[in-house]
Amino acid sequence: MDEVQTIEAAVLSFYRGGSEQQKETHKWLQQVQNSPQAWSFCWELMQLNKSSEIQFFGAITLNSKLRSDWAEVPKEAHHELKQKLLETIVLFGNGPKIVLNRLCISLGLFIVHMLRHPTVIEEVTNMFLHEQLGNLSKVTQIEILMAVLEGIPEEVKNIRTQIPRTVVCEELNRNAEFVMQTVVTYLNEKLSRSAVEPHDMNGLINAAKCTGTWVAHGNVHLNDREGMIQTLLKAIHYCYWKEPKDDGCLMPEENELAETALKSLANIISSYATQNAKYSFTVINYMKLFLDVLVPILDAEYKENNDNENLALMIYALFISTLECFSSAIFAGIVTDSEEVSKVYTRTVDMLIKCTDKPGTYPVDESCSTYAMEFWYMLQEEVLSMDSGERKKRCLEAIKPVYAHVVKVLVRKSQLPTESSLHKWNDDDLEAFRCYRQDIGDTLLSCHDVLNDLMLDVLSEALDESIMYLSYDPQSTESWTLLEATIHAFCSIAQKIEYTEHQQIVKLLKVLNEIPYEKYSDKLFGMALETVGAYSEWIGDNPKYLPSAITLLVKGLNSTKASQATLGLKDLTSECQKEVIPYALPLLDACRTALQEGHLKNAEMIRLMYTVGNILSVISYENIILYLDAMVSPCFEELQVHVQNNDRTEPTKARVVLRLEMISKLFSSLNIRKPTEGDMDKGLVVGVGPHKLPFPAGGTPAPGAPVQPILLILEKTMGLLKSLCTLWIHNETVIDTLCKALQQALTNLMDDIKPLLTEMCCLVLSILNTNCVVSAADIAGNFILMFYKDQDCRQLMVQLFTAIMDYNFTQMELNVGKLSRIADLIETFYAFNTRISKKIPICYSEVQIDCMKLVDYATKCMMLPETGPMKKSVAFITMFAKESTNHPVMMNVILAQGENIVRSTFLCIGGTALRTQVEIFADIFLALNFRYPAEFIQWMKLLEVPNFPTAYVSATDKEQFMRKIIKERVNKRLVQDHVRKFAALCRNIVEYENK
């Protein structure tokens, strides 16, 4: 069997074999594609007597070679390659389509490589226009030409070519108008006829695509694009109105042409987005064209379940895109002397109000209304950002009636589906509606920014209407949706409502307590509970309404909506902690009953413990002890049973984790000496990761002050926790949960934890030495940061510090070459070391650890693909370098590792790191340049190595970059800019400038 037959067999095996076989075959075929011989066998595979799979593989192989391996083609073979390509296009001119499309891309790639020849695009274009390709029909030749032209700008972004990128861009700009003129002339010629022949549709679609891909080139002003815009609008108009449609649905080709034209229009507009002020008059003119041509189509599609919904969606998307790019030009029509601008603004607002109020329920009956949400945010942002003055006042008054109407529309559109209609919904629809309702909530916030207190009047009126609607048919069980939607609207704006005793909120709370929830869906009750929780802060300022709120939320604990009830109680007891004191004991009893009855889900039980902690923090010490015994003891008693039974089954593990999470949540809220704002202002903040601990000055409690309840709990249960740790030491989930509970205790107790510090540190040490989960390193880091400078605790802290370093070094040594496996551990480790470097760098001198290894691993970790370890490693190296000059041990490490640090940084900038994240490496340059200027100059000479960090960047570019970086020691933004541009050069990427 010769080579070609082997490849053919492999291709058929890939397309027709099993998944395991496919994986191996795919790997082999990729190697074949990358070989120099691929230039020869790809043509043999593209023969008419081969199967379509083999033909397609030949075509994509040619694609791959042209895109990546052009250097393998000798100059004298260019003409022969062009001829073969054209002959093969003729061969497949009538299909299969998938092969022809790939050949069109290949011809586009060839043209890009040949752009040094100034007439190459014109020559190829004229060849097709003058029907010089064998026996292919004129229609087919035009279709192929448009496909080839359309692909050229896209291929430029991905191709490896020997032509400098600047030259490629210049040639595209120079040829853009010729291409555009050719395309627009063709479109106009076909669309000017009374009817377009069906066989011309593919050519028209490709031509419409072409306008969208070439618009970024040519340095043409937006006002000179009017002819092209009118042509594309003509195409849309033709497709929609050309003849009556029996079922109202466009034919597939007509729909594709119309949608393609809309995409190209959006591309044209967005490519000029940075020049808002320059084209104000032009944009108004174009918006008028859009409104004239497209709004009649929207009016015709203004119905439920229309067959052209996607077309309507794209029309709205074009309007929104135009508004995003040129909002100030269009919003100037709010208050203006120009009748034309005013009309465009008014028509736009009317159109988007109709979009918001599209008939039907999103997303099962319509999918357009979500697009209008962004407009209502943009409009209020435009007006509210104006300088205070008469104009702003007039604009606000002008848009208030609009927003009042929009509020009513949004309330109506946010109604939940009834039980009888749910059969039309699938899980994706329900999730889309959940997101849609969230968007409505956000839009209502924008409405409040415009309407302020008037918003409450509008919603209060809507509340009256929804209650009236409910009373029309008292027997109906499905008339609740409008009331629920109105309550949801109130809930959405709760964060905006100030402390004033608004009568509308008073009425709302009264209504919430009077609704006969048992008659309706439990979703109505769930929304009521959520709303009470959302108004917790307002209730704290108006505590006379607290009893009714508590009554409703306690009722919710015994319902199917206990989740919302526990959330509401958590918020209420946090915001109204002092005000809740008169109701504390009955509330605790209700919480205890709910926990004992066993109907709550795990998350609800955990959350309820936070409420318990909040309430216990404000009652008498005697009652705290009583309720701790009644409510917390069961958690520890259950844990004790599991330990005694030596039970490590999965069901037991789930119960252990639940009980530890409940204890953790209690520890996070129970504190009889919570820091005041003054303490927070005077104190330091210490911590690792998400745990930032306020460490107030004079944190030691006053003599005779009662012992913190958490400390009492820990003193009584430390033995149990140690036994639990020993039993589950190899189970990461249990140990992680235990450490988080201890972390919550530390966060709350701070200095008060000293009586148990030794025991807790020994417990954490045992974990660090056996199963160093991320949270164990986290709490150990917090201990060190809080107590290292305390001489009584120094030795213990040194042990913790050493244990953390040893464990992490061991894990990194075990995972050399595959550090991504321990990405979370690395992220925590270097976050911890960054804090140490900043707060107590003396650690690195006083504790016997290998700082050289610490920095060396950081240079490896910053090259990982995961964002967390990369950023934390960079932050550590930066901070370590900044602090090192004051500590000889650290300074010696930087002097020894400096070149390695700079080399790794260059490799990251050159391609290892994501291009969007390269600016962070400017921090390393700044730190090294500021602290070690002479050495930094020597380290930067690494750039003199040929092809380093990549082969794409020239020696001249590297020299310029070096000079700029060395010169700048302070301006971070400037160094980031230099790094970003150098990264683009290293990756052979061109950043196109907007016109």
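Definitions and cut-offs
- Residues numbered from 1 in each chain as written.
- Predicted model: local features only at pLDDT ≥ 70, side-chain atom pairs only at ≥ 80, totals over all residues.
- Heavy atoms only, no water.
- UniProt positions renumbered as here; feature names shortened; annotations may be inferred.
- Helix = DSSP H or I, 4+ residues; strand = E, 2+ residues; numbered from the N terminus.
- Expected span 1.5 Å × (residues − 1).
- Buried < 20%, exposed > 50% of the residue type's maximum accessible area, 1.4 Å probe, protein only.
- Contact = heavy atoms within 4.5 Å.
- Phe/Tyr/Trp six-rings, centres within 6.5 Å; stacked < 30°, edge-to-face > 60°.
- Lys NZ or Arg CZ within 6 Å of the ring centre and 35° of its normal.
- Axes fitted to C-alpha atoms, helices over the stretch in contact; angles between N-to-C directions.
- Parallel < 35°, antiparallel > 145°, perpendicular 65-115°, else oblique.
- Left-handed = near helix turned anticlockwise from the far one by under 90°.
- Nonpolar A, V, L, I, M, F, W, Y, C, P; charged D, E, K, R; others polar.
- Polar contact = N/O pair within 3.5 Å; in protein donor to acceptor, adjacent residues only side chain to side chain.
- Patch = residues over 30% accessible without salt bridge, like charges linked within 9 Å, V, L, I, M, F, W, Y side chains within 5 Å.
- Areas by Shrake-Rupley, 256 points an atom, 1.4 Å probe, with all protein chains shown as cover.
- Salt bridge = Lys/Arg side-chain N within 4 Å of Asp/Glu carboxyl O.
- Core = buried A, V, L, I, M, F, W, Y, C linked by side-chain atoms within 4.5 Å.

Identification of the protein as Importin-13 from Anopheles melas is taken from an unreviewed UniProt entry. Listed in UniProt under the heading Subcellular location (unreviewed entry), the comment for the protein reads: "Nucleus".

The next thing to look at is helix H21 (residues 481–492). In this model, H21 (twelve residues) spans 16 Å end to end at C-alpha, consistent with the 16 Å of a helix rising 1.5 Å per residue. In terms of burial, H21 is a largely internal element, twelve of the twelve residues being buried. Within H21, the full set of buried residues consists of Thr 481, Leu 482, Leu 483, Glu 484, Ala 485, Thr 486, Ile 487, His 488, Ala 489, Phe 490, Cys 491 and Ser 492. Considering only its buried residues, H21 is in contact with helix H18 (390–413), helix H19 (427–451), helix H20 (453–472), helix H22 (503–514) and helix H23 (522–534).

One pass over the full model with this rule turns up 30 aromatic pairs. Look at Tyr 240 and Trp 241: their rings are 4.7 Å apart centre to centre, the planes differ by 75 degrees, and that puts the pair in the edge-to-face class. Joined through ring pairs, the aromatic side chains of Phe 801, Phe 809, Phe 829, Tyr 830, Phe 832, Tyr 844, Tyr 857, Phe 876 and Phe 880 make up one cluster. Positioned above the aromatic ring of Tyr 302 is the side chain of Lys 354, whose terminal nitrogen or guanidinium carbon lies 4.5 Å from the ring centre.

Secondary-structure assignment places Gly 911 in helix H42 (residues 888–912). Along the primary structure Gly 911 and Thr 443 are separated by 468 residues, whereas in three dimensions their C-alpha atoms are 41 Å apart.

A separate point is the packing of helix H28 (residues 602–616) against helix H31 (residues 650–669). At a minimum axis separation of 7 Å, H28 and H31 run at an interaxial angle of 30 degrees. Between H28 and H31, the interaxial angle falls into the category roughly parallel. Handedness of the H28/H31 crossing: right-handed. Residues Asn 602, Met 605, Ile 606, Met 609, Tyr 610, Val 612, Gly 613, Asn 614 and Leu 616 of H28 form the contact with H31, whose participating residues are Leu 658, Arg 659, Glu 661, Met 662, Lys 665, Leu 666, Ser 668 and Ser 669. For the contact of H28 with H31, the per-class residue count stands at nine nonpolar, five polar and three charged.

So, about H19. Since the α-helix turns once every 3.6 residues, residues separated by three or four places project in the same direction. With 25 residues, H19 ought to run about 36 Å at 1.5 Å a step, and its terminal C-alpha atoms sit 36 Å apart, in line with that. If you check the start of H19, you find a side-chain oxygen 3.0 Å away from the backbone N of Asp 428, and it comes from Asn 426. At the C-terminal side of H19, Asn 452 shows a positive phi close to 55 degrees.

Moving on, we come to a nonpolar patch on the surface. On the surface, a cluster of nonpolar side chains totalling about 360 Å² of accessible area is made up of Met 468, Tyr 469 and Tyr 472. Mapped onto the elements, Tyr 472 comes out in helix H20. According to the relative accessible area criterion, Tyr 472 is exposed, its value standing at 60%.

All right, on to the side chain of Thr 61 then. Considering the arrangement of structural elements, one finds Thr 61 in helix H4 (residues 52–68). According to the relative accessible area criterion, Thr 61 is buried, its value standing at 0%.

For the rest of this paragraph, the subject is the nonpolar core. Grouped burial of nonpolar side chains is what soluble globular proteins tend to show. Within the largest apolar cluster, 349 residues are counted, with the highest numbers of intra-cluster contacts made by Phe 290, Leu 294, Trp 376, Leu 714, Phe 783 and Met 797. Counting residues per element, this core draws most heavily on helix H13 (residues 280–300), at twelve residues. Those residues in contact with Phe 290, other than ones at most four positions away along the chain, are Ile 229, Leu 233, Leu 265, Ile 269, Val 295, Leu 318, Phe 319 and Thr 322. If you look at the next biggest cluster of nonpolar residues, it comprises eleven residues, including Ile 7, Leu 29, Val 32 and Phe 57.

Let us look at the pattern of salt bridges. Per the counting criterion, the structure on display carries 43 salt bridges. Note that Arg 655 is salt-bridged to Glu 638, the shortest N-O span being 2.8 Å. Highlighted residues: Arg 655 in helix H31 and Glu 638 in helix H30 (residues 633–644), separated in sequence by 17 residues. With a relative accessible area of 31%, Arg 655 lands in the partly exposed category. By relative accessible area, Glu 638 is classed as buried at 16%. When the shortest N-O distance is used, the salt bridge between Glu 638 and Arg 659 registers 2.7 Å. Residue Glu 638 is found in helix H30, and its partner Arg 659 is found in helix H31; the two are separated by 21 residues along the sequence. Connected through shared salt-bridge partners, Glu 919, Asp 977, Arg 980 and Lys 981 make up one network.

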